[in-house]
Amino acid sequence: MAAYTLTRCLGAVKVIQKCGNHSFIARRCLLSTPYTDTKLWDAREKDHQNLALLAALMDRTYDRNFPVSSLSISRFVDNVSSREEVEQAEYYLYKFRHSPNCWYLRDWTVHSWVRQCLRYGARDKALHTVKNKVQYGMFPDVFTFNILIDSFIKDEDFKGACSVVEEVMLQESFDLPTTQILSLYALSNYLATKPELSMSEERALGASLLISGLKQDGSIGLSAQLLGCALLGKVEMAAGIHAVFRGMPLMWTPGYLGRALAVMERVAAAPGDGKLSKDAVDYLAGLLQDLSSASDSSSGEEDESGGEEGKKEEEVDEDDQAERDKLPLYASRFKDLSGQLQSRGKVDPSPLQVLVSSLVQQSLASAEGPDMEQYQRKVGEWEAERQQLIRREKEMRERAEEDRRAHQAAKAAAKQG
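A. Spotlight on the overall build of the chain. For the chain, the count of helices and strands is 22 helices and 2 strands. The 417 residues of the chain split such that 49% are buried. For the chain, the proportion of contacts with a sequence separation of at least 24, taken over those separated by at least 6, is 78%. Accessible surface for the chain amounts to roughly 20800 Å². Of this, 51% is attributable to carbon and sulfur atoms.

B. Fine view of helix α8 (residues 107-119). An ideal rise of 1.5 Å per residue puts 18 Å on 13 residues; α8 measures up with 18 Å between its terminal C-alpha atoms. Counted residue by residue, α8 has 10 buried out of 13 residues, so it is predominantly covered. Among the residues of α8, those classed as buried are W108, T109, V110, H111, S112, W113, V114, R115, Q116 and C117.

C. Structural detail: the nonpolar core. Residues L250, M264 and L284 are the most contacted members of the largest nonpolar core, which totals 110 residues. With 11 residues, helix α15 (residues 218-239) is the single largest residue contributor to this core. Sequence-distant contacts of M264, defined by excluding residues within four places in its chain, comprise L226, L276, V281, L284, F334, L337, S338 and L341.

D. The arrangement of the confidence of the model for the chain in detail. This prediction gives the chain a mean pLDDT of 88; 88% of its residues lie at or above 70. Note on residues 306-314: pLDDT is under 50 here. Beyond four places in sequence and across chains, it has 2 contacts.

E. Quick look at the side chain of Q116. The residue Q116 is located in helix α8 in this model. Residue class for Q116 comes out buried when judged on its relative accessible area of 5%. In this structure Q116 touches V77, D78, N79, V80 and V86, once residues within four positions along its chain are discounted.

F. Spatial organisation of the environment of N146. If you trace the backbone, N146 turns up in helix α11 (residues 142-154). Once the C-alpha coordinates of N146 and T179 are considered, the two residues, 33 residues apart in sequence, prove to be 6.0 Å apart.

G. Structural context of the environment of F334. Among the secondary structure elements, F334 is positioned in helix α21 (residues 327-343). Judged by its relative accessible area of 10%, F334 is buried. In the structure, F334 is positioned 73 residues away from L261 in sequence and 6.6 Å away in space, judged by C-alpha atoms. In this structure, F334 is in contact with L261, M264, V281, L284, A285 and L288, ignoring residues within four places of it in sequence.

H. Spotlight on unusual backbone geometry. You will see that E156, though not glycine, has its phi angle at about 55°, which is positive. With respect to the element layout, E156 can be found in the loop between α11 and α12 (158-170). Residue classification places E156 among the exposed residues on the basis of a relative accessible area of 62%.

What counts and how
- Residues numbered from 1 in each chain as written.
- Predicted model: local features only at pLDDT ≥ 70, side-chain atom pairs only at ≥ 80, totals over all residues.
- Heavy atoms only, no water.
- Helix = DSSP H or I, 4+ residues; strand = E, 2+ residues; numbered from the N terminus.
- Buried < 20%, exposed > 50% of the residue type's maximum accessible area, 1.4 Å probe, protein only.
- Contact = heavy atoms within 4.5 Å.
- Areas by Shrake-Rupley, 256 points an atom, 1.4 Å probe, with all protein chains shown as cover.
- Expected span 1.5 Å × (residues − 1).
- Core = buried A, V, L, I, M, F, W, Y, C linked by side-chain atoms within 4.5 Å.
- pLDDT = per-residue confidence, 0-100.

In structure tokens form, the structure reads like this:
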């Protein structure tokens, strides 16, 4: 049923193939070459290391129950030069995360790890560590998220891109316009492939659409909010409100279908030119129809099964059941609001995918500039911090050597005395 509804509501996406400038949009929908270029990152002062010796040193340190420094793991990641060494680095990142020094994994090490994975064809490793952030300590900054999302989009792996967007959503890192645009592009293009979605995937996509949509003005933001609330409302109706917000940066009060209708009401009443994409409105229409049909069917089965079904009904949370009881009201309200939107010209026939592609063409290039300036400053700050750690390490080694010599001198004097 979920696949059928999604297919029906997103069928209009085929319109994009008829757009005369679609090929241009498809090429420009990616981050520019200067944005993803590695020259600035590679220009840092090199700290060449023999990875075999460094790995042996870290292993001995762990065997003696001593902490490995954040500088050591940073050196290992920076000196990776092959796919096989990426896998070694993954092991030591895991070890570091489970060591006493786990809180000191540096931001530049996370960035370097993603860069190295992309460079040596190990993007799957980058995604794995980001998805399993608790086990690896991978909490990328927004610029790093952007280049990772972009790499998936360039290969038209929209499912992979959406997996990264989900992590952006969980960290609530949609502050940059570039991140918002890339995320909405990935989400809309993935939905256009009419995927078979599990409940957890619907929840993740719904939350990502809703939260990124709240950062955008106009038809795109409103349509994303509507579609996001509808997906979350579907999960809520199937499994209850606790299945929606647990582990997510979402409201825990029931009523996500009601919030979807509130978006429609807000657009219908607004004096401006804000519209909702037709595919988002159609999705909510199909969802309400399917839910109503399922509700009628379950009511009939309950009448036939009698007491046994009544026992199952008692297990349903009261708030969740109260929300399900609102379905007829939601269906009636949707019909009224849909009529208002149509009569006031507030429904945009273009699918969300086409609207986002237009946003890419209009706004992505100009949004890149501030990101690149901020990244340049950040790289400078990271390098200054790294050099400070190197100096501190050198000083500590010199002090340790002096202490060792003093101890040996005192020991020799004691023997002579």
